[in-house]
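# Examination of the molecular architecture
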Amino acid sequence: MATDLVSQLADSLAKAKVEEAELSYKGQCRKLDDSKSVEEIVKEIENFEGLQALRLEGNTVGVEAAKAIAKALETKSQFKRCYWSDMFTGRLRSEIPPALNSLGDALTLAGAKLTVLDLSDNAFGPDGVKGIERLLKSSSCYTLQELRLNNCGMGIGGGKILAASLIECHKKSSAEGPPLSLKVFVAGRNRLENDGATALAQAFQLMGSLEEIHMPQNGINHPGVKALATAVQHNPNLRTLNLNDNTFTEKGAVAMAQALKHLRSIQVINFGDCLVRPVGATAIAETVSEGLPILKELNLSFGEITEEAALAVARAVKNKNQLEKLDLNGNYLGEDGCKALKDFMEDISMGELLASLSDDEGEPGDDEDDDDDDEDDDDDDEEDDDEEVDEEEVEEEEEEEEEDDDDDEEEEEEQDFKTGSKFSTPPSAPRPPDVSSFLSFPSPDKLLKLGAKRATLIEQQVDVSDAKKTAEAFLKIASVYKEDNHDVKNAVLESVDALLRKAFSSSVQGYDFVSSLLVLLGLIKSEDKLKPVSVVAGHLQALEHAVRQDYFPKESVAVLEAFMSR
């Protein structure tokens, strides 16, 4: 199974790499429980003169091991970059704050001046944020430029703690010299919701230095979006704004459109899966046509946008010479609208910049329009604090009506709603029940009956931010693989590619996926005592295909091969 590639990768991962004052143990899957287990690492840190960066991604670090590493870092005054994502897999949540406190205190004691702090893909929750609170408020973070906390489960409480820490850091740094000037902020899939987003917006507005903001899939509705809109207009150097998979509605979209008028440096706008609707899309189009001179990418996919609004967006980008991509897929254009949009883009010699429209939802029905109007009218009659609750209740009721034939799935969907991942599918665009049926009881016939949109339907149904759920879905899809049936084979591989590409491009780390996969196959033990899945030929065929694709994390191939070869 891709033996040449695996052999090459295994050799490259056998030793820690040292590159430009960087010590790396990335992706080595070491289980570092105590001081003895990190003796080699500690010695290399101590002997590394001028150490500036330490990579611990893809390992699992316990409290005692963290203390030992921290002790070695206490003398590294030139230290700048912490690449510490995905380093607490399998640890109790209570272990993470003391481990982070030890590492953070060591850097402060060393007088380090950090520029990068990456703790993504560590599911530490609000308590984990408390573990870096002292560090964020210390002089070591006065120089911080990149803060990456993607997929950490911070929640509203963690978002508020983080915001308060950044505000205090800015205040203290301003009193002593140059203020905190954070440039990159990444916090996707953290269930920040409106309150967490609003708190962070206050910090963003105060700093005014951000160049990139990535906050996809956080369960943010229009009150939180409005707060972020106010904040971003005070960050004139903003180049990338990614709020994918939150719920703007017209109110949030119009507010954000107004804010964009202040951002002449913006290059990438990702409002896909944000339910901007025609009014919001038209407002954004107006802003684009009036300014945004160096815009490169505009994503307004899956937003319930109609033909007229989509054409307004297309006309707005007509003179954007640096545009590289316009994504209006998954909207309500209908066959004629898709053709009109494609023809227009061809006429202005930008046809190749238009993303696929293969997932267009067709023209909206009259009932759907009426429902939207009613919902907006109801919102207008309520105070802001009540609007958020009403909108959530309407969306939840719609989902319950769509899924009432499957109690277990209904419970899962409700949980997805609460965590923010639910927003990937607009409430008025119900999911076909056949997807759920296929994933519950897979068969080749069911997969084929999902039709040409099967890959999109499956990736929308599966919570790809969860490595275990992604691995489970992968095995179910792969189980129906048939080498001698061309249609089934292609359907399986197409669906696997869509599922894993979305998972790995968002938040799922290769190590997490592989670990979950091996547990499900019974190749490594789990505390949950799960019954292993019976391995069939399709699992191996699909896996061999997946590891050859560009989306599959290459550092994980060697680990997978080591276990599968048993």
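Residues numbered from 1 in each chain as written. Predicted model: local features only at pLDDT ≥ 70, side-chain atom pairs only at ≥ 80, totals over all residues. Heavy atoms only, no water.

Using the following cut-off: UniProt positions are given in the numbering used here, feature names are shortened, and annotations may be inferred rather than shown by experiment.
Where an unreviewed UniProt entry is consulted, the protein chain appears under the name Ran GTPase-activating protein 1, with the organism given as Hippocampus comes. Taken from UniProt, the Sequence similarities (unreviewed entry) comment for the protein chain reads in full: "Belongs to the RNA1 family."

### Details of the overall build of the protein chain
Quick reminder of the rule: Helix numbers and strand numbers start at the N terminus; a helix is a DSSP run of H or I with at least 4 residues, a strand a run of E with at least 2. Under the scheme applied here, a residue whose accessible area is under 20% of the maximum for its type counts as buried, over 50% as exposed, and between as partly exposed, the area being computed with a 1.4 Å probe on protein chains only. The contact criterion used throughout is that any non-hydrogen atoms of two residues lie within 4.5 Å.
Within the protein chain, the regular secondary structure consists of 24 helices and 14 strands. The 566 residues of the protein chain split such that 57% are buried. For the protein chain, long-range pairs separated by at least 24 residues make up 81% of all intrachain contacts whose partners lie at least 6 apart in sequence.

### Some words on empty space enclosed by the protein
Put simply, the test is: Of the grid points, spaced at 1 Å and generated over the protein atoms alone, those admitting a 1.4 Å probe that cannot get out make up cavities, while open sets with protein on both sides within 12 Å along at least five of seven lines make up pockets; any residue with an atom within 4 Å of a point is treated as lining. Grid points are joined across faces, edges and corners, and a volume is the space filled by probe spheres set on the points. Classification used: nonpolar for Ala, Val, Leu, Ile, Met, Phe, Trp, Tyr, Cys and Pro, charged for Asp, Glu, Lys and Arg, polar for all others including Gly.
Counting across every chain of the model gives six cavities of 30 Å³ or more. Reported here for the largest cavity is a volume of approximately 140 Å³. For the lining of the largest cavity, the leading source of residues is helix 22 (residues 510-520), giving three residues. For the lining of the largest cavity, the per-class residue count stands at four nonpolar, five polar and four charged.

### Examining the environment of I220
Residue placement: I220 occurs in the loop between strand 10 (212-214) and helix 9 (222-232). The sequence separation of I220 and L243 amounts to 23 residues, and the corresponding C-alpha distance is 9.0 Å.

### Observations regarding helix 9
Within helix 9, eight of the 11 residues are buried, which leaves the element mostly enclosed by the surrounding structure. Buried within helix 9 we find H222, G224, V225, A227, L228, A229, A231 and V232.

### Some points on the layout of surface pockets
Let me state the cut-off plainly: Each domain's extent is set by a domain assignment, obtained either automatically or from a database.
One number sums up the size of the second largest pocket: a volume of about 940 Å³. Counting only elements with at least two residues in the lining of the second largest pocket, the list comes to strand 10, strand 13 (297-299), strand 14 (325-327), helix 19 (454-461) and helix 21 (486-506). Looking at the lining of the second largest pocket, the element that brings in the most residues is helix 21, giving five residues. Taken together, the residues of the lining of the second largest pocket sort by class into five nonpolar, 17 polar and 12 charged. Formed jointly, the lining of the second largest pocket draws a minimum of three residues from each of two domains, domain 1 (221-359) and domain 2 (435-565).

### Considering the packing of helix 20 (residues 467-478) against helix 23 (residues 537-547)
Worth spelling out the cut-off: Axis geometry follows a simple rule: fit a line to the C-alpha atoms, using only the stretch in contact for helices, then measure angles between N-to-C directions, giving values from 0 to 180 degrees. Our angle categories are set so that under 35 degrees counts as roughly parallel, over 145 as roughly antiparallel, 65 to 115 as roughly perpendicular, and the remainder as oblique. Each crossing gets its hand from how the near helix is turned against the far one by less than a right angle, where anticlockwise is left-handed and clockwise is right-handed.
Orientation of helix 20 relative to helix 23, taken along the N-to-C sense of each, is 115°, at an axis distance of 8 Å. For the element pair helix 20 / helix 23, the angle class is roughly perpendicular. Helix-helix and strand crossings are classified by hand; for helix 20 and helix 23 the assignment is right-handed. Two secondary-structure elements touch here, helix 20 through F474, L475 and A478 and helix 23 through G538, H539, A542 and L543.

### Structural notes on the packing of aromatic side chains
Rules: Any Phe, Tyr or Trp ring, taking Trp's six-membered ring, that has another such ring centre within 6.5 Å forms a pair; planes under 30 degrees apart are called stacked, those over 60 apart edge-to-face, and the others tilted.
The tally for this structure, following the rule as stated, stands at seven aromatic pairs. Measuring from ring centre to ring centre gives 6.0 Å for F474 and F513, while their planes differ by 85°; the resulting arrangement is edge-to-face. Within this pair, whereas F474 is found in helix 20, its partner F513 is found in helix 22, the two being separated by 39 residues in sequence. Ring centres of F504 and F513 lie 5.5 Å apart, and the angle between their planes is 90°; this geometry places the pair in the edge-to-face category. The rings of F474, F504, F513, Y551 and F552 are connected pair by pair, giving a single aromatic cluster.

### Some words on the side chain of N244
The criterion, for reference: Think of a polar contact as two N or O atoms within 3.5 Å of one another; within protein, one of them needs to be a possible hydrogen donor and the other a possible acceptor, and neighboring residues in sequence only count if both atoms come from side chains.
Within the secondary structure layout, N244 lies in the loop between strand 11 (240-242) and helix 10 (249-260). A residue is classified by how much of its surface remains accessible, and N244, at 16% relative accessible area, is buried. A distance of 3.2 Å separates a polar atom in the side chain of N244 from the backbone oxygen of G272. Those residues in contact with N244, other than ones at most four positions away along the chain, are P216, Q217, N270, G272, D273, C274 and N299.

### A closer look at the environment of A112
Examined against the element boundaries, A112 turns out to sit in the loop between helix 4 (96-110) and strand 7 (116-118). Judged by relative accessible area, which is 0%, A112 ranks as buried. When the C-alpha atoms of A112 and K76 are compared, they prove to be 6.9 Å apart, with 36 residues separating the residues in sequence. When near neighbours in sequence (up to four residues on either side) are disregarded, A112 contacts K76, S77, F79, L107 and S140.

### Some thoughts on unusual backbone geometry
Phi at Q217 takes a positive value of approximately 50°, unusual for a residue other than glycine. Even without a glycine there, the phi angle at E304 is positive, about 60°. In this fold, E304 is placed in the loop between strand 13 and helix 12 (307-316).

### Here's the deal with helix 4
Quick reminder of the rule: In this scheme, a helix's expected span is set at 1.5 Å multiplied by one less than its residue total.
If you check helix 4, its first and last C-alpha atoms are 21 Å apart, about what 15 residues at 1.5 Å a residue would give, namely 21 Å. For helix 4, the tally of buried residues reaches 11 of 15 residues, placing the bulk of the element in the interior. Within helix 4, burial applies to I96, P97, A99, L100, N101, S102, L103, G104, A106, L107 and A110. Residues of helix 4 that are buried make contact with helix 3 (63-73), strand 6 (81-83), helix 5 (125-131) and helix 6 (133-137). Remark: G111 follows helix 4 within two positions and exhibits a positive phi of approximately 75°.

### Regarding the nonpolar core
So the rule is basically this: Definition used in this section: a nonpolar core is a set of buried Ala, Val, Leu, Ile, Met, Phe, Trp, Tyr and Cys residues joined via side-chain atoms within 4.5 Å.
The biggest cluster of nonpolar side chains holds 118 residues, and the ones touching the most others in it are L73, W84, M215 and F271. The residues touching F271, leaving out its near neighbours within four places in the chain, are L241, L243, F248, M256, L260, V276, I284, N299, L300 and S301. V462, A478, A503 and L518 belong to the second largest nonpolar core, which has 40 residues in total.

### Thoughts on the pattern of salt bridges
Convention followed: Just to be clear on terms, a salt bridge is a Lys or Arg side-chain nitrogen sitting within 4 Å of an Asp or Glu carboxyl oxygen.
Counted according to the given criterion, the structure contains 25 salt bridges. For R134, the salt bridge is made with D105, and the minimal N-O distance between the two is 2.7 Å. Here R134, found in helix 6, pairs with D105, found in helix 4; they are 29 residues apart in sequence, far enough to count as distant. Ionic contacts of the salt-bridge type, sharing partners, join the residues K31, D33, R91 and E95 into one network.

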